[in-house]
2 protein chains.
Amino acid sequence: MHWQFSARAEQLQSSAIREILKITMRPEIISFAGGLPSPLTFPVERMRAAYDKVLSRDGKVALQYGPSDGYAPLRAWIADSLSGEGARILPEQVLMLSGSQQGLDLLGKVLVDEGSRVLVETPSYLGALQAFSLYRPEFISVETDENGLLPDAVAKVGKGARLLYSLPNFQNPTGRTMPLERRLALVEICARLGLPLVEDNPYGALSYHGEPLPRMLNMNTQGVIYMGSFSKVLTPGIRLGYVVAPEHLIRKLEQARQAADLHTSQITQMVVHEVVKDGFLDEHVPTIRTLYAAQCQCMLDALEQYFPASASWTRPQGGMFIWVTLPKHIDSMTLLDAAVEQGVAFVPGAPFYANTPETNTLRLSFVTVPPEKIREGVATLGRLIAERM
Amino acid sequence: MHWQFSARAEQLQSSAIREILKITMRPEIISFAGGLPSPLTFPVERMRAAYDKVLSRDGKVALQYGPSDGYAPLRAWIADSLSGEGARILPEQVLMLSGSQQGLDLLGKVLVDEGSRVLVETPSYLGALQAFSLYRPEFISVETDENGLLPDAVAKVGKGARLLYSLPNFQNPTGRTMPLERRLALVEICARLGLPLVEDNPYGALSYHGEPLPRMLNMNTQGVIYMGSFSKVLTPGIRLGYVVAPEHLIRKLEQARQAADLHTSQITQMVVHEVVKDGFLDEHVPTIRTLYAAQCQCMLDALEQYFPASASWTRPQGGMFIWVTLPKHIDSMTLLDAAVEQGVAFVPGAPFYANTPETNTLRLSFVTVPPEKIREGVATLGRLIAERM
């Protein structure tokens, strides 16, 4: 007997990406599909030492239930590291999460009613679309160009919407970055409309050339909901992220979070605090940037060499993804079938669109596959695309 | 400016228990309020060794993203340890969670629409009421007696409801246990009605006298949704639990889980598997039982000595809680105010009722406070109650 599911569950589909990932876990596959950070960047020995130290020193605290809002010293460290450019972030504005994806679910829960208008980039992060969709909003896919969201387009449709979801740095899936003047315009427009501006920033630290652009959070701490993560700068398997927002929202998110799963693992937070508190990320993150920048360049070179002139792609200044646009008539979903048969995987672009998909797009990750395999995989894709021209 | 919250968020209140816990974190307070396991029972050194081993051996896997359904060897271990009494549980029926509280949120998300009827015990676990309430059901508070749910009462109101939530072993908050014949009757009635029967069992292993009664899961693996936890038998701060259900529901819960927070910490699962795989719990859990049984007896003796004859309380055969019923006119919420002033805390009974509360009830936890403090705290409460007679 099958039980009756809720209406929201009936419409729920499995993540296309995670289903593909299951196939592409096979080691013989060259997978550009995953958003997995390179394990070469995991500071295993430092983590091991930190677990050892925390458990030796504070084992009974680390293994006990903890507060819903998170481990206070880590919240203070985050608030401090985000403060600057004239903005002071308070620890009370920080809620620890079991990965920043959890923040998307909580924001949907707390801000979205059935039929509420939710504004997203075109295309947008698939995991955000999935998280919000459980709360059954009306998605508004806001117009973008190569620099991301068009502020005028937001101004036109933003009134009365519940939130605008943006990924300003090295966006997933496109890899593009929003310039400073556009950030300023967006913050101004959202403040004027009373529209909560979500700034999701998992990749911000992975800037290949100099410091990333200023956070929108710091331009208006009372108008922006900022999400950060340790997944891309430390390790993802521990599941640790955070949301920063005006206190009235943080308290509500914290209540929803109590009901959802009480709190984030206490030992995880204590260990990460132990690892980061003395500036480790300042020396560690540049090594990730160097690795990813080289692999990005390798893929860009291979695309230049193997892809037809009628295809185009982004040239990211950081992060983990390149976005490819093929000639209109090539459907990347059927291309994927052929590619997997040839031992190469990627994520088709369609699931990243909240409304009308551009089916001739695809996302390539360059961070987990070594350079010679990047060249081999791109060459295979180029051949398959050429066959379809 | 305050942003507009969703209707579900507007009605959301902070957990009374967690708010009280904040007050009672002060070390001078004798707190019977928390549901915190005794840190004396945490196998700190064994956990430390397991983190060390997992990170030394498989660091890069432990720190990478993992599958949404969980770490396969741990799922297999759980399936194996729950199989028996003629029932075979498959690993495919197990979904790992970041604490079993997360299962309640996911069940609400997947099974409950606004206005759906959700059946709960009277009284019931506060955290379940909170988790489900976010999905705005109509709670039906099912009649109970000293042996828990009345099967006839379930039969009367169960048709068309979305789920029945039960805690058959050493229930939170009452400490009571459902006898075997009642479990059998309940399983039979729920199967007949097509009503999903949730068996939440965080305390089952903490039976003071011999083995706990058979799980309802094993009476009908296709009719019961079972939730288990490592919080009470190992440590809570790592946040690790699981749900076992028919596969069609598990797949749907897994999809919801992907959207909510991707997956449970990979390293946590690998470490717990390392700790439990060779039978550690078989030797460890009896030491927890012995400690809690002694503290329970200490509290029962103190209640006998210090509480008036017109108060009554449960005599749990396991678990962490005693439930006290005071004379009708004494409101335990105002009693709490007076008690905290005298340095003693507990949880008033009212928040555990889905509908009409019995305001003369309260929950006492006996596991985190040492025996001499149990006597002192109960004596204080007894005096305050006597003053109100």
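Parameters and conventions
Residues numbered from 1 in each chain as written. Chains lettered and ligands numbered in written order. Predicted model: local features only at pLDDT ≥ 70, side-chain atom pairs only at ≥ 80, totals over all residues. Heavy atoms only, no water. Helix = DSSP H or I, 4+ residues; strand = E, 2+ residues; numbered from the N terminus. Contact = heavy atoms within 4.5 Å. Lys, Arg positive; Asp, Glu negative; His and termini not counted. Charge placed at Lys NZ, Arg CZ, Asp CG, Glu CD. Least-squares fit on C-alpha atoms with pLDDT ≥ 70 in both. Pairing = 2+ DSSP bridges. Domains from an automatic or database assignment. Buried area = accessible area lost by both parts, 1.4 Å probe. Salt bridge = Lys/Arg side-chain N within 4 Å of Asp/Glu carboxyl O. Phe/Tyr/Trp six-rings, centres within 6.5 Å; stacked < 30°, edge-to-face > 60°. Buried < 20%, exposed > 50% of the residue type's maximum accessible area, 1.4 Å probe, protein only. Core = buried A, V, L, I, M, F, W, Y, C linked by side-chain atoms within 4.5 Å. Polar contact = N/O pair within 3.5 Å; in protein donor to acceptor, adjacent residues only side chain to side chain. Nonpolar A, V, L, I, M, F, W, Y, C, P; charged D, E, K, R; others polar. Patch = residues over 30% accessible without salt bridge, like charges linked within 9 Å, V, L, I, M, F, W, Y side chains within 5 Å. Areas by Shrake-Rupley, 256 points an atom, 1.4 Å probe, with all protein chains shown as cover. Axes fitted to C-alpha atoms, helices over the stretch in contact; angles between N-to-C directions. Parallel < 35°, antiparallel > 145°, perpendicular 65-115°, else oblique. Left-handed = near helix turned anticlockwise from the far one by under 90°. pLDDT = per-residue confidence, 0-100. Expected span 1.5 Å × (residues − 1). Bend = angle between axes of the 7 residues up to and from the residue. Disulfide = S-S within 2.5 Å.

A. Just the overall build of chain A, in detail. If you tally the helices and strands in chain A, you get 14 helices and 15 strands. For the C-alpha atoms alone, the extent of chain A along its principal axes is close to 60 × 55 × 50 Å. Residue pairs at least 24 apart in sequence account for 77% of intrachain contacts in chain A once pairs closer than 6 positions are excluded. Of note, chain A has its 36 positive side-chain charges centred 3 Å away from the centre of its 40 negative side-chain charges.

B. A look at the relation of the copies chain B and chain A. Once chain B has been moved 0.0 Å along the axis and rotated by 180 degrees, it coincides with chain A to within an RMSD of 0.0 Å. The operation mapping one copy onto its partner corresponds to a two-fold rotation axis. Of the interface residues in chain B, 100% have counterparts in chain A that sit at the interface too, so the contact is made through matching surfaces.

C. Expanded view of the sheet that holds strand E15 (residues 361–365) of chain B. Reading across from one edge, E11-E12-E15-E14 (chain B) is the order of the four strands in this open sheet, with antiparallel pairing throughout. The strands lining the two open edges of the sheet, one partner per strand, are strand E11 (312–313) and strand E14 (347–348) of chain B.

D. Looking closely at the domain arrangement of chain A. Residues and elements named next belong to chain A. Taken domain by domain, chain A comprises domain 1 (7–43 + 282–387) and domain 2 (66–280). Each of domain 1 and domain 2 was reduced to a C-alpha centroid, and the two centroids are 24 Å apart. With 38 residues of domain 1 at the interface, the matching set in domain 2 holds 35 residues. For the domain 1 and domain 2 pair, buried surface summed over both sides reaches about 3100 Å², with 64% attributable to carbon and sulfur atoms. Broken down residue by residue, the surface that domain 1 buries against domain 2 is led by Arg289, Gln317 and Phe352, which jointly contribute 19%. Counting across the domain 1 and domain 2 interface gives zero salt bridges.

E. Inspection of the packing of aromatic side chains at higher detail. This structure, assessed with the given rule, holds 15 aromatic pairs over all chains. Ring geometry for Phe132(A) and Tyr165(A): centres 5.8 Å apart, planes at 80 degrees, overall edge-to-face. Of this pair, Phe132(A) sits in helix H6 (residues 126–133) while Tyr165(A) sits in strand E7 (residues 163–166); the two residues are 33 residues apart in sequence, bridging distant segments of the chain. The pair formed by Phe132(A) and Tyr165(A) is uniform in burial state, with each residue classed as buried. With centroids separated by 5.8 Å and ring planes inclined at 90 degrees, the aromatic side chains of Tyr203(B) and Phe321(B) adopt a geometry described as edge-to-face. Highlighted residues: Tyr203(B) in the loop between strand E8 (197–200) and helix H9 (216–219) and Phe321(B) in strand E12 (residues 321–325), separated in sequence by 118 residues. One aromatic cluster is present, built from ring pairs that chain together Trp77(A), Phe230(A) and Tyr242(A).

F. Quick peek at the pattern of salt bridges. Residues and elements named next belong to chain A. Tallied over the full model, the rule gives 37 salt bridges over all chains. When the shortest N-O distance is used, the salt bridge between Glu387 and Arg388 registers 3.9 Å. Given a relative accessible area of 56%, Glu387 falls into the exposed group.

G. The arrangement of the nonpolar core in detail. Among the nonpolar cores identified, the biggest contains 166 residues, and Phe32(A) and Phe32(B) are the most heavily contacted of them. Among the nonpolar cores identified, the runner-up in size contains 104 residues, and Leu63(A), Ala79(A), Leu234(A) and Val275(B) belong to it.

H. Structural view of the interface of chain B and chain A. Across the boundary between the two partners, chain B contributes 86 residues, which contact 86 residues of chain A. In this assembly, chain B packs against chain A so that about 7300 Å² is buried in total across both faces, 59% of it on carbon and sulfur atoms. Counting across the chain B and chain A interface gives four salt bridges. Residue Lys109(B) is joined to Asp105(A) by a salt bridge in which the shortest nitrogen-to-oxygen separation is 2.6 Å. Scanning the region where chain B abuts chain A turns up 42 residue pairs in polar contact (both at pLDDT 80 or more). Among the secondary structure elements, those contributing two or more residues to the side of chain B that touches chain A are helix H1 (7–10), helix H2 (16–24), helix H3 (44–62), helix H5 (101–111), helix H6 (126–133), strand E9 (224–229), helix H10 (247–261) and helix H11 (266–276) of chain B. Looking at the side of chain B that touches chain A, its residues break down into 39 nonpolar, 30 polar and 17 charged.

I. Structural context of a nonpolar patch on the surface. A grouping of Leu180(A), Leu184(A) and Leu213(A) is seen on the molecular surface, where their side chains present a nonpolar patch of about 230 Å² in accessible area. Structurally, Leu213(A) can be placed in the loop between strand E8 (197–200) and helix H9 (216–219).

J. Quick peek at the packing of helix H12 (residues 280–306) of chain A against helix H14 (residues 371–387) of chain A. Residue and element names in this part refer to chain A. For the pair H12 and H14, interaxial distance at closest approach is 9 Å and the crossing angle is 30 degrees. Here H12 is positioned roughly parallel relative to H14, judged by the angle of their axes. Our pair here, H12 against H14, has a crossing hand that is right-handed. Here H12 contributes Gln295, Cys298, Met299, Ala302, Leu303 and Tyr306 to the contact with H14, which in turn contributes Pro371, Ile374, Arg375, Val378, Ala379 and Gly382.

K. How the structure looks around the confidence of the model for chain A. On average, residues of chain A score 95 in pLDDT, and 97% of them are at 70 or above. If you check the scores for this complex, the pTM reads 0.96 and the ipTM reads 0.96.

L. Quick look at the environment of Gln222(A). Inspection of the secondary structure puts Gln222(A) in the loop between H9 and strand E9 (224–229). Given the relative accessible area of 47%, Gln222(A) is considered partly exposed. Sequence separation between Gln222(A) and Glu247(A) is 25 residues; the distance between their C-alpha atoms is 8.6 Å. When sequence neighbours within four positions are dropped, the list of residues in contact with Gln222(A) reads Gln93(A), Pro246(A) and Trp3(B). Among the polar contacts made by the side chain of Gln222(A), one reaches the side chain of Thr221(A) at a distance of 3.5 Å.

M. Examining the side chain of Ser6(B) more closely. Secondary-structure assignment places Ser6(B) in the segment before H1. Among the residues examined, Ser6(B) registers a relative accessible area of 0% and is labelled buried. Among all residues touching Ser6(B), those that are not within four sequence positions of it are Lys109(A), Val110(A), Leu111(A), Val112(A), Asp113(A) and Arg162(A).

N. Main features of H3(B). Residues and elements named next belong to chain B. End to end, H3 covers just 19 Å across 19 residues, shorter than the expected 27 Å (1.5 Å per residue, more than 12% under). Along H3, the sharpest kink reaches roughly 70 degrees, centred on Ser56. Buried within H3 we find Val44, Met47, Arg48, Ala50, Tyr51, Val54, Leu55, Gly59 and Ala62.

O. View of the state of the cysteines. Residues and elements named next belong to chain A. The full count for this structure, using the stated rule, is zero disulfides over all chains. Distance from the sulfur of Cys296, which forms no disulfide, to the nearest cysteine sulfur (Cys298) is 9.6 Å. On the basis of relative accessible area, Cys296 is assigned to the buried category, the value being 2%.

P. Fine view of unusual backbone geometry. A cis amide bond links Asn172(A) with the next residue in sequence, Pro173(A), at an omega value of 20 degrees. Cis geometry is adopted by the peptide bond preceding Pro123(B), which originates at Thr122(B) and carries an omega value of -10 degrees. In this structure, Arg136(B) is a non-glycine residue whose phi angle is positive, near 55 degrees. Among the secondary structure elements, Arg136(B) is positioned in the loop between H6 and strand E4 (138–142).

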